[in-house]
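Breakdown of the fold
Given next are the chains, with one letter for each unit.
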Amino acid sequence: EAGVTQFPSHSVIEKGQTVTLRCDPISGHDNLYWYRRVMGKEIKFLLHFVKESKQDESGMPNNRFLAERTGGTYSTLKVQPAELEDSGVYFCASSQTHWGFYEQYFGPGTRLTVT
Amino acid sequence: AQKVTQAQTEISVVEKEDVTLDCVYETRDTTYYLFWYKQPPSGELVFLIRRNSFDEQNEISGRYSWNFQKSTSSFNFTITASQVVDSAVYFCALNVDSNYQLIWGAGTKLIIKP
């Protein structure tokens, strides 16, 4: 079974440009999450999808970030326009939908560098 | 508010030594889950263990063991007879019953020297 995949693995863009990150969850996982680790800081939650619906987007830093999950499959996270402080590693995770809480399986992350 | 503290920023030991990674958590919720993840140099976060707040039994999996103590709000991780392949950053994380987001510690970088 394929794990969570993320594309690209690394992106270098200039301040003011737009970048779109993609996440493909494990097949059959209804829950999809985005997290971010800014250099030297803790991993922080960004948002949570259940199928195509945003369940919790309390961690999204501002309206320059837009996440979508069309059809409840893969998800994209767009940053527009990118700022220097957006640099970091963006992780995607997925988990089953089940009573209780199940472990989240993570992708390898996308390292975003804004110059 | 919930919080996870991993006070050890970096630990370096010689191969075959035992090493314990500390994790202290804060929450007022009575139902919660604790996790450990491993991040090897390749970058992905690898799930190691999940524990719920009602199960204080210690867990052993091969060379790995976990000590959960509610009295001290700790969930420590011990690697016995460490190996070079154990070198990684280890994260402790907390989830409370009210939502799905994970709250992370800062991570402990573990270096195992041959």
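These numbers were taken from a predicted model, which means no experiment stands behind them.

Turning to the state of the cysteines, a few remarks are in order. Scanning the entire structure with this criterion turns up 2 disulfides over all chains. Across the disulfide from Cys23(A) sits Cys92(A); the S-S distance is 1.8 Å. Across the S-S bond linking Cys23(A) and Cys92(A), the dihedral sits near -65 degrees, which makes this disulfide left-handed. In this pair, Cys23(A) is assigned in strand β3 (residues 19-24) and Cys92(A) in strand β9 (residues 88-95), connecting sequence segments 69 residues apart. What makes Cys92(A) buried here is its relative accessible area of 0%. Here Cys23(B) connects covalently by a disulfide to Cys92(B), the sulfurs 1.9 Å from one another. Measuring the twist about the S-S bond at about -65 degrees, one finds the Cys23(B)-Cys92(B) disulfide to be left-handed. In this pair, Cys23(B) sits in the loop between β3 (19-21) and β4 (24-26) while Cys92(B) sits in strand β10 (residues 88-96), placing the two residues 69 residues apart along the sequence.

Before going further, it helps to spend a moment on the nonpolar core. Formed by 25 residues in total, the largest nonpolar core has its most connected members in Trp36(B), Phe77(B) and Tyr90(B). Put simply, the parts of the chain that give this core at least two residues each are β2 (10-14), β3, β5 (32-39), β8 (64-69), β9 (74-79), β10 and β12 (108-113) of chain B. The next biggest cluster of nonpolar side chains, apart from the first, holds 21 residues, and it includes Cys23(A), Leu47(A), Met60(A) and Ala67(A).

Glancing now at the sheet that holds strand β1 (residues 5-7) of chain A. All names here are of chain A. Judged by pairing direction, the sheet is antiparallel, and its 4 strands sit side by side in the order β1-β3-β8-β7 without closing on themselves. Each edge of the open sheet is held by one strand with a lone partner, namely β1 and β7 (65-68). Between one strand axis and the next, the sheet turns through 15 degrees on average, direction left out of account. Bridge count for β1 against β3 is 3 bridges, and the pairing is antiparallel. Paired with Thr5 across the strands is Asp24, a residue of β3.

What counts, and at which threshold
Residues numbered from 1 in each chain as written. Chains lettered and ligands numbered in written order. Predicted model: local features only at pLDDT ≥ 70, side-chain atom pairs only at ≥ 80, totals over all residues. Heavy atoms only, no water. Disulfide = S-S within 2.5 Å. Helix = DSSP H or I, 4+ residues; strand = E, 2+ residues; numbered from the N terminus. Buried < 20%, exposed > 50% of the residue type's maximum accessible area, 1.4 Å probe, protein only. Core = buried A, V, L, I, M, F, W, Y, C linked by side-chain atoms within 4.5 Å. Pairing = 2+ DSSP bridges. Axes fitted to C-alpha atoms, helices over the stretch in contact; angles between N-to-C directions.

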